[in-house]
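Each chain is listed here by its residues.
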Amino acid sequence: LLSRHPPNLHRWLAYHVNYMGVEHVFMLVEDTPDFSRTWESIPAALQSHVTVWRGAAPQPDTDQRPADDYESLQARQVRTMAAAKVTAGNMGISWLIHIDDDELLY
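Caption draft 1: Representation of the overall build of the chain in the model. Along its length, the chain carries four helices and three strands. Seen in sequence order, the chain has helices and strands lined up from the N terminus as β-α-β-α-α-β-α. Put simply, the chain has 106 residues, and 32% of those count as buried. Looking at the chain alone, contacts between residues at least 24 apart form 78% of all its contacts between residues at least 6 apart. Only carbon and sulfur atoms are counted for the fraction: they give 54% of the accessible area of the chain, which is about 7100 Å².

Caption draft 2: Summary view of the pattern of salt bridges. On inspection of all chains with the given rule, the structure shows two salt bridges. Where Arg 37 meets Asp 34, a salt bridge forms, and the shortest distance between an N and an O atom there is 3.4 Å. The exposed category is assigned to Arg 37, whose relative accessible area is 58%.

Caption draft 3: A look at the nonpolar core. Of all hydrophobic cores here, the largest spans 15 residues; its most connected members are Leu 9, Leu 13, Val 25, Met 27 and Trp 39. Counting residues per element, the ones that place at least two in this core are helix H1 (9-19), strand S2 (25-29) and helix H2 (35-40). Ranked by residue count, the leading element in this core is H1, at five residues.

Caption draft 4: Focus on the layout of surface pockets. By volume, the largest pocket amounts to about 400 Å³. Put simply, the parts of the chain that give the lining of the largest pocket at least two residues each are H1, S2 and helix H4 (69-91). Tallied by class, the residues present in the lining of the largest pocket amount to 13 nonpolar, five polar and one charged.

Caption draft 5: Just H1, in detail. Buried within H1 are the following residues: Leu 9, Trp 12, Leu 13, Ala 14, Tyr 15, His 16 and Val 17. Along its buried surface, H1 packs onto S2, H2, helix H3 (44-47) and strand S3 (50-54). Where H1 terminates, the next one or two residues include Gly 21, which has phi positive at roughly 80°.

Basis of the calculations
Residues numbered from 1 in each chain as written. Predicted model: local features only at pLDDT ≥ 70, side-chain atom pairs only at ≥ 80, totals over all residues. Heavy atoms only, no water. Helix = DSSP H or I, 4+ residues; strand = E, 2+ residues; numbered from the N terminus. Buried < 20%, exposed > 50% of the residue type's maximum accessible area, 1.4 Å probe, protein only. Contact = heavy atoms within 4.5 Å. Areas by Shrake-Rupley, 256 points an atom, 1.4 Å probe, with all protein chains shown as cover. Salt bridge = Lys/Arg side-chain N within 4 Å of Asp/Glu carboxyl O. Core = buried A, V, L, I, M, F, W, Y, C linked by side-chain atoms within 4.5 Å. 1 Å grid on protein atoms, 1.4 Å probe; cavity = no way out; pocket = protein on both sides within 12 Å on 5 of 7 lines; lining within 4 Å. Points joined across faces, edges and corners; volume = space filled by probe spheres on them. Nonpolar A, V, L, I, M, F, W, Y, C, P; charged D, E, K, R; others polar.

Here it is as structure tokens:
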């Protein structure tokens, strides 16, 4: 999961962890200054199923979005999935799926 300003992270996590049985979520959060507050509102029982990585904050004197957003987004997603694959393997997790915070596993 690569996210910016997750709309309802608590509900998204509860759905996937509690209802769908997802064991663990690997999440890269970018450009979300209020994420600490959002994360603190998530119950510890859900937090224990999540690995959070934080992306670099945008530079104040530059455009807030990457110059070539689609290609740079794809590159960041590939890097995040590669990191998740290694970490999941170390945790004994053998299946991964990439979805965004506006998508649901069904």
